[in-house]
Amino acid sequence: MTKKIAVLAGDGIGPEIVAEAVKVLERLRGDGLDIELEDGLVGGAAYDVHGTPLPTETLDLAKASDAILLGAVGGYQWESLDISVRPEKGLLGLRAELELFSNLRPAILYKQLADASTLKPEVVAGLDIMIVRELTGGIYFGQPRGVRTLENGERQGFNTLVYSESEIERIGRSAFDIAMKRGKRICSVDKANVLECTELWREVMECVAKDYPEVELSHMYVDNAAMQLVRAPKQFDVMVTTNMFGDILSDCAAMLTGSIGMLPSASLNAGGKGMYEPIHGSAPDIAGQDIANPLATILSVAMMLRYSLDEAAMAERIEQAVEKVLDQGLRTADIYSDGMQKVGTSEMGDAVVTAL
Ligand code: NAD
């Protein structure tokens, strides 16, 4: 059956990098991938036309699609808008409306780029971690929250860390399913020695593990996990954790690779529908110059094929094509080093298509 992909390019470099990812999809369509693509507006681009960063037609398109390819949103010209209509609200709206609770953040360091990391090459070369972050619950959403004034007149800020068993179970299952497609090892990160909520997290993870006898589950406190990520990151395969811990650890892991232009991400719902996007933003400082790195977006397409379209072999082909262009010495400005061949956005996309 034909799979529908919503293409939401967004703002800044979004349209440039998404155009290269679409070239890759079109190439695979030529090889029998049964897909249809439909464009939609999101973020500042949508605000300029419709007065909202998430127009109804875009939401309807996203709901009717099997997967969403997103560029990035945001830019200087929308920064003074009321917070309710800022470009980022388009993304948050899509996550909430589609219940995209499972955020997949790989941290992969291609051996060709090992020098880009601030860590020693032997510590990070060949790094391949998948961080699974719970995205729609936890302390970022828990009630009650706010700032109140106490009887003595002092103000007090408060937030609530809350997870129900079902929320923990569904992110657990999502992580175990992913581990089954990878190295079959999961490290669940919590702070069970201090926070009752994550004591429950640990208990539920143990229950979920019973349904996945092939997967080895371990637990680690978040402070140790942060330390281990910079000390010996290659010990990890899949890490699963709460919204806030995942927010912090996934950025830390991303920086192990030294290059924001190379990392894809996915946000999935219970039905396997996903939104796929690079981890970087809309980079307004380099928009329209044909110098942005499109590889994170192209690798997001690989994730889409693996996790929403059940086309693992095609996903691998894309990943191998990216390796090949790196082997050929092609580099966009953000990953350029002496002796390599500097290329622009579209030239890099064309090279991946050729490698395919
Ligand atoms: P950013 O990720 O856009 O840029 C940070 C730096 O990395 C910039 O110097 C940029 O030029 C560079 N960079 C980013 N992607 C690159 C690529 N593919 N190739 C080469 N260089 C790249 O983060 P920022 O500057 O903090 O934010 C810019 C805008 O993006 C803001 O409006 C912000 O709100 C938005 N943003 C959007 C998302 C998203 O859409 N998911 C995420 C983060 C930030």
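## Some words on the nonpolar core
Then, in step 1: Core analysis: the largest hydrophobic core is formed by 85 residues, its most contacted members being Leu104, Val132, Phe176, Ile186, Met262, Leu305 and Ile318.
Then, in step 2: Broken down by element, this core gets its largest block of residues, nine residues, from helix 10 (residues 295-307).
Then, in step 3: Each of domain 1 (1-101 + 269-356) and domain 2 (104-263) gives at least three residues to this core.
Then, in step 4: Apart from residues lying up to four places away in sequence, isoleucine 186 is in contact with Ala175, Phe176, Ala179, Val215, Glu216, Leu217, Ser218, Val238 and Val240.
Then, in step 5: Formed by 15 residues, the second largest nonpolar core is a distinct cluster that contains Ile68, Leu91, Leu98 and Leu100.

## Some points on the domain arrangement of the protein chain
Then, in step 1: Splitting the protein chain by domain gives domain 1 (1-101 + 269-356) and domain 2 (104-263).
Then, in step 2: The gap between the C-alpha centroids of domain 1 and domain 2 is 24 Å.
Then, in step 3: Taken together, the contacts link 21 residues of domain 1 with 24 residues of domain 2.
Then, in step 4: Across the domain 1/domain 2 interface, buried area totals approximately 2000 Å², and carbon plus sulfur atoms make up 66% of it.
Then, in step 5: It is Phe101, Ile279 and Tyr307 in domain 1 that bury the most area against domain 2; as a group they hold 39% of the surface buried on that side.

## Points about the environment of glycine 75
Then, in step 1: Mapped onto the elements of the fold, glycine 75 is located in the loop between strand 3 (67-72) and helix 4 (88-97).
Then, in step 2: The buried category is assigned to glycine 75, whose relative accessible area is 11%.
Then, in step 3: Along the sequence, glycine 75 and aspartate 11 sit 64 residues apart, while their C-alpha atoms lie 7.0 Å from each other.

## Concerning the sheet that holds strand 3
Then, in step 1: Taken in spatial order, the 10 strands line up as 2-1-3-12-11-4-5-10-8-9 in an open sheet, and their pairing is mixed. Each edge of the open sheet is held by one strand with a lone partner, namely strand 2 (35-40) and strand 9 (216-221). Pairwise comparison of adjacent strand axes, ignoring direction, gives a mean angle of 20° for this sheet.
Then, in step 2: Two strands pair when backbone bridges link them, and strand 4 (residues 102-108) and strand 5 (residues 128-134) are joined in this way by seven bridges, in the antiparallel orientation. From the neighbouring strand, alanine 107 faces strand 5, where its bridge partner is isoleucine 129.
Then, in step 3: Its contacts with the sheet put helix 9 (residues 243-256) on strand 4, strand 5, strand 8 (185-190) and strand 10 (238-241), and the angle it makes with strand 5 is roughly 155°.

## Focus on the pairing of strand 11 (residues 264-268)
Then, in step 1: Within strand 11, five of the five residues are buried, which leaves the element mostly enclosed by the surrounding structure.
Then, in step 2: Neither face of strand 11 is open: one carries Pro264, Ala266 and Leu268, the other Ser265 and Ser267, and all of them are buried.
Then, in step 3: In the sheet, strand 4 pairs with strand 11 via three bridges, with the strands oriented antiparallel. By the bridge assignment for strand 11, asparagine 103 is matched with serine 267.
Then, in step 4: Of the strand pairs in this sheet, strand 11 and strand 12 (residues 274-278) are connected by five bridges, and their pairing is antiparallel. Counted as the bridge partner of leucine 268 is glycine 274 from strand 12.

## Section: unusual backbone geometry
Then, in step 1: Omega for the bond connecting glutamine 143 with proline 144 falls within 30 degrees of zero, at 0°, which places this linkage in the cis form.
Then, in step 2: Considering the arrangement of structural elements, one finds proline 144 in the loop between strand 5 and strand 6 (146-149).
Then, in step 3: For alanine 283, which is not glycine, the phi dihedral falls at a positive 40°.
Then, in step 4: Of the residues examined, alanine 283 reaches a relative accessible area of 22% and is grouped as partly exposed.

## A word on the state of the cysteines
Then, in step 1: Throughout the structure, instances matching the rule amount to zero disulfides.
Then, in step 2: Here cysteine 187 stays free of any disulfide, with the sulfur of cysteine 252 as its closest cysteine sulfur at 14 Å.
Then, in step 3: When its relative accessible area of 5% is taken as the criterion, cysteine 187 is described as buried.
Then, in step 4: Residue classification places cysteine 252 among the partly exposed residues on the basis of a relative accessible area of 25%.

## Some words on a negative patch on the surface
Then, in step 1: On the surface, Glu165, Glu196, Glu199 and Glu203 cluster together into a patch of negative charge.
Then, in step 2: Of the residues forming the negative patch, the biggest block, three residues, is contributed by helix 7 (residues 196-209).
Then, in step 3: With respect to the helices and strands, glutamate 165 occurs in helix 6 (residues 165-180).
Then, in step 4: Classification of glutamate 165 by relative accessible area gives exposed; the value is 53%.

## Re the packing of helix 1 (residues 14-30) against helix 10
Then, in step 1: For the pair helix 1 and helix 10, the least separation of the axes is 8 Å and the interaxial angle reads 45°. As judged from the angle between their axes, helix 1 and helix 10 are oblique. As helix 1 runs across helix 10, the sense of the crossing is right-handed. Contact residues: Ile17, Val18, Glu20, Ala21, Val24, Leu25 and Leu28 in helix 1; Thr297, Ile298, Val301 and Leu305 in helix 10.
Then, in step 2: In terms of residue class, the contact of helix 1 with helix 10 is made up of nine nonpolar, one polar and one charged.

Quick notes on the rules
Residues numbered from 1 in each chain as written. Predicted model: local features only at pLDDT ≥ 70, side-chain atom pairs only at ≥ 80, totals over all residues. Heavy atoms only, no water. Core = buried A, V, L, I, M, F, W, Y, C linked by side-chain atoms within 4.5 Å. Buried < 20%, exposed > 50% of the residue type's maximum accessible area, 1.4 Å probe, protein only. Helix = DSSP H or I, 4+ residues; strand = E, 2+ residues; numbered from the N terminus. Domains from an automatic or database assignment. Contact = heavy atoms within 4.5 Å. Buried area = accessible area lost by both parts, 1.4 Å probe. Pairing = 2+ DSSP bridges. Axes fitted to C-alpha atoms, helices over the stretch in contact; angles between N-to-C directions. Disulfide = S-S within 2.5 Å. Patch = residues over 30% accessible without salt bridge, like charges linked within 9 Å, V, L, I, M, F, W, Y side chains within 5 Å. Areas by Shrake-Rupley, 256 points an atom, 1.4 Å probe, with all protein chains shown as cover. Salt bridge = Lys/Arg side-chain N within 4 Å of Asp/Glu carboxyl O. Lys, Arg positive; Asp, Glu negative; His and termini not counted. Charge placed at Lys NZ, Arg CZ, Asp CG, Glu CD. Parallel < 35°, antiparallel > 145°, perpendicular 65-115°, else oblique. Left-handed = near helix turned anticlockwise from the far one by under 90°. Nonpolar A, V, L, I, M, F, W, Y, C, P; charged D, E, K, R; others polar.

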